[in-house]
Amino acid sequence: MWTAILLGALGVYLLKLVGLAVPRSVLEKPRVEEASALLPVALLAALVAVQTFATGPHLVLDARAAGFAVALVAVLLRAPFLLVVALGAGTAALLRLLT
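Residues numbered from 1 in each chain as written. Predicted model: local features only at pLDDT ≥ 70, side-chain atom pairs only at ≥ 80, totals over all residues. Heavy atoms only, no water.

J.: How would you explain the overall build of the chain if you had to name every residue and give the values?
T.: When helices and strands are counted, the chain shows 5 helices and 2 strands. Starting at the N terminus, the α and β elements of the chain follow one another as α-α-α-β-β-α-α. A compact globule built from 99 residues would reach a C-alpha radius of gyration of about 13 Å, whereas the chain, at 19 Å, exceeds it by more than 25%. Oriented by its inertia axes, the alpha-carbon framework of the chain measures out at about 55 × 40 × 25 Å. Classification of the 99 residues of the chain by burial places 11% in the buried group. About 8300 Å² of surface is accessible on the chain, with carbon and sulfur atoms providing 77% of the total. (Helix = DSSP H or I, 4+ residues; strand = E, 2+ residues; numbered from the N terminus. Rg over C-alpha atoms; globule rule 2.2 N^0.38 Å. Buried < 20%, exposed > 50% of the residue type's maximum accessible area, 1.4 Å probe, protein only. Areas by Shrake-Rupley, 256 points an atom, 1.4 Å probe, with all protein chains shown as cover.)

Laid out in structure tokens, this is it:
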């Protein structure tokens with residue numbers, strides 16, 4: 001296991017070094033700037049989708065999906081961030097308690 005952790009850390013470090021070696025002229029192109037601005041949002045959306053609707057290799061609809069739906073409604077109603085988190089977590093916790 002430690003070998004995998006060390007190899008992963010080395011890979012991340014090398015990837016960062018490669019990123020630093022990219023010429024500034026490449027990084028200042030409009031397409032690259034647009035993609036780099038949108039990439040974190042896409043990765044976060046993918047993470048939320050996987051964590052909300054997947055258990056192992058299976059898709060599921062459970063308390064997490066209901067909590068996400070309640071949080072989404074709260075966001076659309078422009079609720080404060082902490083309230084959105086509390087409503088989503090509370091909904092999921094309550095449904096897990098009831099099932």
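Continuing now.
J.: Outline the side chain of Thr 52, listing residues and values.
T.: Structurally, the position occupied by Thr 52 is in helix 3 (residues 30-53). Note on Thr 52: relative accessible area 9%, which makes it buried. Apart from residues lying up to four places away in sequence, Thr 52 is in contact with Val 60, Asp 62, Arg 64, Ala 65 and Phe 68. (Contact = heavy atoms within 4.5 Å.)

J.: Explain the layout of surface pockets residue by residue, including any values.
T.: Quantified by volume, the largest pocket comes out at close to 250 Å³. Every residue lining the largest pocket is listed: Val 48, Thr 52, Arg 64, Gly 67, Phe 68, Ala 71, Leu 72, Val 75, Val 84, Gly 88 and Ala 92. For the lining of the largest pocket, the secondary structure elements donating two or more residues are helix 3, helix 4 (63-76) and helix 5 (81-98). For the lining of the largest pocket, the element with the highest residue contribution is helix 4, accounting for 6 residues. A class-by-class count of the residues in the lining of the largest pocket yields 7 nonpolar, 3 polar and 1 charged. (1 Å grid on protein atoms, 1.4 Å probe; cavity = no way out; pocket = protein on both sides within 12 Å on 5 of 7 lines; lining within 4 Å. Points joined across faces, edges and corners; volume = space filled by probe spheres on them. Nonpolar A, V, L, I, M, F, W, Y, C, P; charged D, E, K, R; others polar.)

J.: Mind laying out the pattern of salt bridges, listing which residues take part and the relevant values?
T.: Under the counting rule described, the total for this entry stands at 1 salt bridge. Close ionic contact of Arg 64 with Asp 62 constitutes a salt bridge, the shortest N to O distance being 3.3 Å. Given the relative accessible area of 22%, Arg 64 is considered partly exposed. (Salt bridge = Lys/Arg side-chain N within 4 Å of Asp/Glu carboxyl O.)

J.: An account of unusual backbone geometry is needed here, citing residue identities and associated values.
T.: The backbone phi angle of Arg 78 is positive, close to 60°, even though this residue is not glycine. If you trace the backbone, Arg 78 turns up in the loop between helix 4 and helix 5.

J.: Please provide a residue-by-residue account of the environment of Leu 94, values included.
T.: Here Leu 94 is to be found in helix 5. For the pair Leu 94 and Ala 63, spaced 31 residues apart in sequence, the C-alpha separation works out to 8.3 Å.

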